[in-house]
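Structure assessment
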Amino acid sequence: YLFDHMLDFLMYNLLSTPGKTFTVDTVAPSLNVTSPTEDSITNQKTITVTGNTSDSTSSPVTVKILVGTADQGEVKVDSNGTFSKSITLQEGRNT
């Protein structure tokens, strides 16, 4: 759901300025990781995470990738809603 709101500002000298309109986005974006698949096994130290997302009210859209608590950085989502980023894995299970 999207809601439009109007804010009115009042200056200290009591001169009113025009209101500002903004949108409150209450719909979470969708996220679909297409690679790697769940429970994949690899002997590589890095893999490429790919997928797609949609967020009709935000631009630009970015996806932040974590491996456990290790920040792998953000990747900008392209205009088609897809993203791809190479990440570094740790030995053992990575989530």
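Report follows, based on the coordinates. (Residues numbered from 1 in each chain as written. Predicted model: local features only at pLDDT ≥ 70, side-chain atom pairs only at ≥ 80, totals over all residues. Heavy atoms only, no water.)

This next bit is on the overall build of the protein chain. Scanning the protein chain from terminus to terminus reveals zero helices and seven strands. The secondary structure elements of the protein chain, listed N-terminal to C-terminal, are β-β-β-β-β-β-β. Within the protein chain, the proportion of its 95 residues that are buried is 16%. Long-range contacts, defined as pairs at least 24 residues apart, comprise 34% of the intrachain contacts of the protein chain with a sequence gap of at least 6. Entry remark: accessible area of the protein chain is about 7,700 Å², with carbon and sulfur atoms responsible for 53%. (Helix = DSSP H or I, 4+ residues; strand = E, 2+ residues; numbered from the N terminus. Buried < 20%, exposed > 50% of the residue type's maximum accessible area, 1.4 Å probe, protein only. Contact = heavy atoms within 4.5 Å. Areas by Shrake-Rupley, 256 points an atom, 1.4 Å probe, with all protein chains shown as cover.)

On to the pattern of salt bridges, then. A side chain of one charge can pair with a side chain of the opposite charge if their charged atoms are brought near each other. The full count for this structure, using the stated rule, is two salt bridges. Between Asp 71 and Lys 64 there is a salt bridge, with its nearest N and O atoms 3.8 Å apart. (Salt bridge = Lys/Arg side-chain N within 4 Å of Asp/Glu carboxyl O.)

With that settled, the discussion passes to the sheet that holds strand 7 (residues 82-88). Within the open sheet, the three strands sit side by side as 3-4-7. Their pairing is antiparallel. Among the strands making up the open sheet, the edge pair consists of strand 3 (30-35) and strand 7. Taken over all neighbouring pairs, the strand axes of this sheet differ in orientation by 30° on average, direction set aside. Where strand 3 lies against strand 4 (residues 46-54), five bridges are found, and the strand directions are antiparallel. Across the sheet, the residue bridging to Ser 35 is Thr 50, located in strand 4. (Pairing = 2+ DSSP bridges. Axes fitted to C-alpha atoms, helices over the stretch in contact; angles between N-to-C directions.)

This next bit is on the pairing of strand 5 (residues 62-67). Only one face of strand 5 is buried: it carries Val 63, Ile 65 and Val 67, and the other face, with Thr 62, Lys 64 and Leu 66, is open. Sheet topology places strand 5 next to strand 6 (residues 70-76); five bridges connect them, and they run antiparallel. Along strand 6, the bridge assignment pairs Leu 66 with Asp 71. Here strand 5 hands over to strand 6 after two residues, with Gly 68 in that stretch at a positive phi of 65°.

On to the side chain of Thr 53. Looking at where Thr 53 falls in the secondary structure, it is placed in strand 4. Since its relative accessible area comes to 12%, Thr 53 is described here as buried. Here Ser 30 takes part through its backbone oxygen, which lies 2.3 Å from a polar atom of the side chain of Thr 53. When near neighbours in sequence (up to four residues on either side) are disregarded, Thr 53 contacts Pro 29, Ser 30, Leu 31, Val 61, Val 63, Val 77 and Gly 81. (Polar contact = N/O pair within 3.5 Å; in protein donor to acceptor, adjacent residues only side chain to side chain.)

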